[in-house]
Amino acid sequence: MPIPPRSRVAGVVLAAGTGTRVGASRNKAYLPLGGRRILSWSLDVIRRAPRLSRLVLVIREADRDLAAEVLAEELPGTRVELVVGGATRHESEHRALEHLAGSIEQGRIDLVLIHDAARPLTPAQVVRRVITAAERDGAAIPGMPVEGVLEVDDLSHLAGGDHERLVTVQTPQAFRAGSLLAAYRAAASDGFAGTDTAACAERYSELRVTVVPGDQRNIKVTYAHDLFVAERLLDAATGPDDEVVKRDLGTHGRAGMQPLSG
Amino acid sequence: MVVLACSHCRAEHLHEVTYAGRVLASTVCSNCGWELAKDPAALRRAWITDMERRVRTKPLRMLRSAVAHPVTFARALPGAVLVKPAQMTNEWRVLHGRRAD
C-alpha cells in the first residue's frame, strides 16, 4: 500500500563504525573537508530532505563530546538526536530504529531514511528520488550501473553471464518505517545481521526494494585518495549547477561556515 | 590518525592525514608508507584562497561566537590568541613540505 505523499520522514546518519575498526583511532567521519567535518556535510544533506521531522545521528560512545562540539559549531540550530551505535552497522541501525520506535508506532513517522556519514556529497535530487520511490513502493535505494564487470570461473576463465543489470548500492536508503522496525525486531530474534539495511528489509518484511538512479558524485570516503576527490568535488560544487553546496550557499554562504581553525 | 583503505597495500590501515589549515595536504599509510600529497604549488594556492576566506570572515565569526556563547568566548579568547603563532607555524611547515608538529 503506497504511503501518503505527505509522509513524515526520519533521517538516520550512521557514524558509529566509520573507519574505527583498527585500534583506538579517530573516526574518519570527523575529518575536516572543505571547511567543515565530513559528518556535517552528510547531516546537512539529510536535514534538507523533504518532510523531515526528526534527525538522528548514530555515534560511538567515545565520540559523544566531539559530536556535540561539531554539531554546535557547524550545524547550529539544527536539532540532532544522538544515539550510541552498536558493534556492527546492523546493530547501529536497530538501535536508531528503537530510538524512533515510539513515533513509528504512533504513526508520526512514515519513512526512515538511512545514510552513511562517510557520504558527504550526496546531491539533493538523489535524496528526493529515494523518498519519492519509497513513498510509492515502500522501500528504495540509489544504485549506479556497474560497467566493465566480467564473471570469472574457478579456472580464471571468463564465465560469461549478463551483468548489465548489476548496480553498486549507495545511500541514503528509504524504507516504510513500521515495516523496517518490524524487520529489525524479527532479525534480532533470529540472530540475523545484514550487511546493509536493504538486506534485512528484503529478508524480514514484505517490502520490495526499488532501485533509483544514484549519482557518481555520491562517493563514500573509503580510500585515502577519496578524501582528495571529495575535496575537489566540493570545490567544484561551488559552481552554478550543483545542488550539494549551492543550496548551502543560498542560506549562509560558504564564507560563513563555522571555522575549524583560524 | 584515522583508518582509511590504502590503495597500495589494499587493506584498511591507520593513516596520518595532514592539513595546511583547512586544506587537505597529504595522507600517509602507516602500514606501507604510501603517501598521497597535493602538488606543493597547488597546495599553496589552495591555502592562500582559504586563508583569504578565513581572514575575511574572521570578524563575523568572532562576533557570532561572542553573541551565542559570551562566557565561553571570553574564556577561550586568550588561549586562542596564544596558540595562533604555533598554528600558523605548523601551517607554514606543511606548506613547505615538512611535517606538522
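Residues numbered from 1 in each chain as written. Chains lettered and ligands numbered in written order. Predicted model: local features only at pLDDT ≥ 70, side-chain atom pairs only at ≥ 80, totals over all residues.

Caption draft 1: Main features of the overall build of chain B. Scanning chain B for helices and strands turns up 2 helices and 4 strands. Listing the helices and strands of chain B from first to last along the sequence gives β-β-β-β-α-α. The C-alpha atoms of chain B give a radius of gyration of 17 Å, which is well past the 13 Å a tight globule of 101 residues would have. In terms of principal-axis extent, the alpha carbons of chain B reach across some 50 × 25 × 20 Å. Within chain B, the fraction of its 101 residues that count as buried is 21%. (Helix = DSSP H or I, 4+ residues; strand = E, 2+ residues; numbered from the N terminus. Rg over C-alpha atoms; globule rule 2.2 N^0.38 Å. Buried ≥ 20, exposed ≤ 12 C-beta atoms within 10 Å, placed from the backbone.)

Caption draft 2: Geometry of the pairing of strand β4 (residues 52-59) of chain A. Residue and element names in this part refer to chain A. Alignment of strand β1 (residues 9-14) against β4, held across 6 bridges, turns out to be parallel. By the bridge assignment for β4, V12 is matched with V56. Each parallel crossover has a hand, and for β4 linked through helix α2 (residues 64-74) to strand β5 (residues 81-84) it is right-handed. (Pairing = 2+ DSSP bridges. Right-handed = clockwise from strand over helix to strand, strands pointing away.)

Caption draft 3: Molecular detail of the sheet that holds strand β3 (residues 23-29) of chain B. Residues and elements named next belong to chain B. Reading across from one edge, β1-β2-β3-β4 is the order of the 4 strands in this open sheet, with antiparallel pairing throughout. If you trace the sheet from one side to the other, it starts and ends with β1 (2-6) and β4 (35-37), each paired once. Across the sheet, the axes of successive neighbouring strands diverge by a mean angle of 35°, strand direction being ignored. As paired elements, β1 and strand β2 (residues 11-20) share 5 bridges and run antiparallel to each other. Note on β2: the bridge partner recorded for L4 is H13. (Axes fitted to C-alpha atoms, helices over the stretch in contact; angles between N-to-C directions.)

Caption draft 4: Inspection of unusual backbone geometry at higher detail. Residue and element names in this part refer to chain A. T171 connects to P172 through a cis peptide bond whose omega is 10°. Summarising the element assignment, P172 is placed in the loop between β8 (167-169) and β9 (173-176). The backbone phi angle of R51 is positive, close to 60°, even though this residue is not glycine. Along the chain, the position of R51 falls in the loop between α1 (38-47) and β4.

Caption draft 5: Highlighting helix α6 (residues 197-204) of chain A. Residue and element names in this part refer to chain A. Among the residues of α6, T197, A198, C200, A201 and Y204 are the ones counted as buried. Relative to the axis of α6, the buried residues are bounded by an arc of 165° and lie together on one face. In this structure, the buried residues of α6 make contact with α3 (89-105), β6 (111-116), β7 (139-145), β9 and α5 (177-190). (Arc of directions from axis to C-beta. Contact = placed C-beta atoms within 7 Å.)

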